[in-house]
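# Structural characterization, general
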Amino acid sequence: MNKKIFILILFCLSIDYTCYAESGNKLNPFEFPNSNQVLPTTNTDAQYIISGSVEKNIDITLDNCIKIALGNNPQINAAFQDILAADARIKQVWSNYFPTFSWQTGYTRLRQLQLSDALGENLEFNYFLLGQISLQQMLYDFGVTQNQATIRKLDYESYKKSFEAIVNNVIYQTKDAYFNLLYTYENKRVAQDTVRKFELFYNQAKAFYKSGMNPKVDVTIAETNLSNAKLKLIQADNAINLAKARLNNIMGVPYLEKYNPCDKLEFMPINITFDESIAIARESRPELKQAEIKVETANQTLKLAKKSFLPTLSFESQFQRGGKSWDSNYGFNIGGYLTFPTINTMLVKNEIKEARFLYDKELANAINTQNNIYLEIQNAYLTLAEKRNQLPVSIIQVKQAKENYDLSYGRYRVGEGSPTELKDAENTYEQAQLTYYTSLYQYNSAKAELERAIGKNLVSCDNEVFLEK
């Protein structure tokens, strides 16, 4: 009796398994389509480009981007125009030593009222001025013009340092944007690889479901994972366009679109000590030089304020022709003049005080600039060291995550693993890759930040550091 019951149970189980397997052969293609039918759609017509047309993609490197930025960034152009304007202001000051010419002509109707009352008759006549030519030459102003010219020269040097600082910042921004673009391409490659792996997962789950080995929920999980992966791929592709837009804006060519970067994110070791970074910054950082120039400018302004009461020695001559007719009379005068300014002692005294306070202010600003640059170098140096130390760990994580994924996928292919285990393994592997590329991008960005902080580009070669000329 027990034997018959056991045979009956086996028969029922075989019927259930046969029904289950048979139901697995009837998949709804709209609910569970093939993996190639749910890929993101692309416009294939847009990929056909006429050879030699302006729409053809070009390869671009970091050096190309920097050259484009230096030639097209509007901030650099504006800073260069400031230099030219400062040079013109120097010449304007020196023009005080150049002679000035003036010429005037006129007609006047005169009536001598006092003489009319005394003589009892009206004395009216016309006075014609054919021309009056004046020549004036400043001979000496006791160093006032010299101080003004010195201030303008210092302003000129300050604008030059501002130009160098802007160029330094633009180069850093270009590097950071370019490295970010390379990171988005790596992110897209990871997203594409993730989509490919989830396609394998999806197809395997369908095969298991058709054979009746796994339930339908495995296919649903696999399809959800594939959809999420493709959504990330779309986001990664859009991130490339956003990174290009940022890079184009920094380069000053916002409409440049058809190009592909030739480089990839790489680890370029830079062996430089913190003390060496500080020493380089003292010689190369333009903001430090600019702070020193501002202190000297304030000093020259103080000296100029103390000369407010000094006179001006000048030479002047005039020639005039005119009279009751256009050419009835003529005359001239020649003389030297020592002209004293109108002095307001309280005003001059407080102008000197103001100049002295501003000089002390620039001294404090110079110290503050030095402290801030020291902090920038310290932050950049420590960040670079941190990112350099993260790279070996992130590489190990990628290897471990890849091994874990291979094991999980192998277990799932033979029917031993679960879809949740495979999903977690794939997500861990994807995240490990992104972490590695993020660390690599952050390392290169920190290297560019350190170069900006010290004011020099660093080139590594055989673990030796060279300053780029």
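Fair warning: this is a prediction, and the values are worked out from it, not measured in the lab. (Residues numbered from 1 in each chain as written. Predicted model: local features only at pLDDT ≥ 70, side-chain atom pairs only at ≥ 80, totals over all residues. Heavy atoms only, no water.)

### Observations concerning a positive patch on the surface
- On the surface, Lys 303, Lys 306, Lys 349, Lys 353 and Arg 356 cluster together into a patch of positive charge.
- Element by element, the count of residues in the positive patch is highest for helix α9 (residues 345–413), at 3 residues.
- Inspection of the secondary structure assignment puts Lys 353 in helix α9. (Patch = residues over 30% accessible without salt bridge, like charges linked within 9 Å, V, L, I, M, F, W, Y side chains within 5 Å. Areas by Shrake-Rupley, 256 points an atom, 1.4 Å probe, with all protein chains shown as cover. Salt bridge = Lys/Arg side-chain N within 4 Å of Asp/Glu carboxyl O. Lys, Arg positive; Asp, Glu negative; His and termini not counted. Charge placed at Lys NZ, Arg CZ, Asp CG, Glu CD. Helix = DSSP H or I, 4+ residues; strand = E, 2+ residues; numbered from the N terminus.)

### Observations regarding the packing of aromatic side chains
- According to the stated counting rule, one finds 10 aromatic pairs in the structure shown.
- Clustering of aromatic rings is evident, with ring pairs tying together Phe 274, Tyr 374 and Tyr 381.
- Sitting over the face of the ring of Tyr 172, Arg 452 holds its NZ or CZ atom 6.0 Å from the ring centroid. (Phe/Tyr/Trp six-rings, centres within 6.5 Å; stacked < 30°, edge-to-face > 60°. Lys NZ or Arg CZ within 6 Å of the ring centre and 35° of its normal.)

### Focus on a nonpolar patch on the surface
- Together, Trp 103, Ile 133, Phe 319, Tyr 330, Phe 332 and Ile 334 make up a nonpolar patch on the protein surface, roughly 750 Å² of accessible area in all.
- No other element matches strand β6 (residues 329–339), which puts 3 residues into the nonpolar patch.
- Structurally, the position occupied by Phe 319 is in strand β5 (residues 312–323).

### Re the confidence of the model for the protein chain
- Considering every residue of the protein chain, the mean pLDDT works out to 80; 82% of them sit at 70 or more.
- Looking at the elements of the protein chain, mean pLDDT is at its lowest for helix α1 (residues 2–24), recorded as 40, and at its highest for helix α3 (residues 74–94), recorded as 93.
- Note on residues 1–55: pLDDT is under 50 here. Beyond four places in sequence and across chains, it has 48 contacts.
- Predicted confidence is poor over residues 461–469, with pLDDT under 50, and the contacts of this stretch with residues over four places away or in other chains come to 19 contacts. (pLDDT = per-residue confidence, 0-100. Contact = heavy atoms within 4.5 Å.)

### Regarding helix α6 (residues 216–251)
- The first and last C-alpha atoms of α6 sit 53 Å apart over 36 residues, in line with the 52 Å expected at 1.5 Å per residue.
- Backbone geometry just after α6 places Gly 252 at a positive phi near 85°. (Expected span 1.5 Å × (residues − 1).)

### Overview of the side chain of Gln 137
- Among the secondary structure elements, Gln 137 is positioned in strand β3 (residues 124–140).
- Residue class for Gln 137 comes out buried when judged on its relative accessible area of 17%.
- A distance of 2.8 Å separates the side chain of Gln 137 from the backbone oxygen of Tyr 97, its partner in a polar contact.
- Every residue in contact with Gln 137, bar those within four places of it in the chain, is listed here: Tyr 97, Phe 98, Pro 99, Ser 314 and Phe 315. (Buried < 20%, exposed > 50% of the residue type's maximum accessible area, 1.4 Å probe, protein only. Polar contact = N/O pair within 3.5 Å; in protein donor to acceptor, adjacent residues only side chain to side chain.)

### Some points on the nonpolar core
- Of all hydrophobic cores here, the largest spans 46 residues; its most connected members are Leu 247, Ile 377 and Leu 450.
- Listing elements by their share of this core, those giving two or more residues are α2 (62–72), α5 (144–211), α6, α7 (274–284), α9 and α10 (419–454).
- Element by element, the count of residues in this core is highest for α5, at 11 residues.
- Those residues in contact with Ile 377, other than ones at most four positions away along the chain, are Phe 274, Ser 277, Ile 278, Ala 281, Leu 450, Ala 453 and Ile 454. (Core = buried A, V, L, I, M, F, W, Y, C linked by side-chain atoms within 4.5 Å.)

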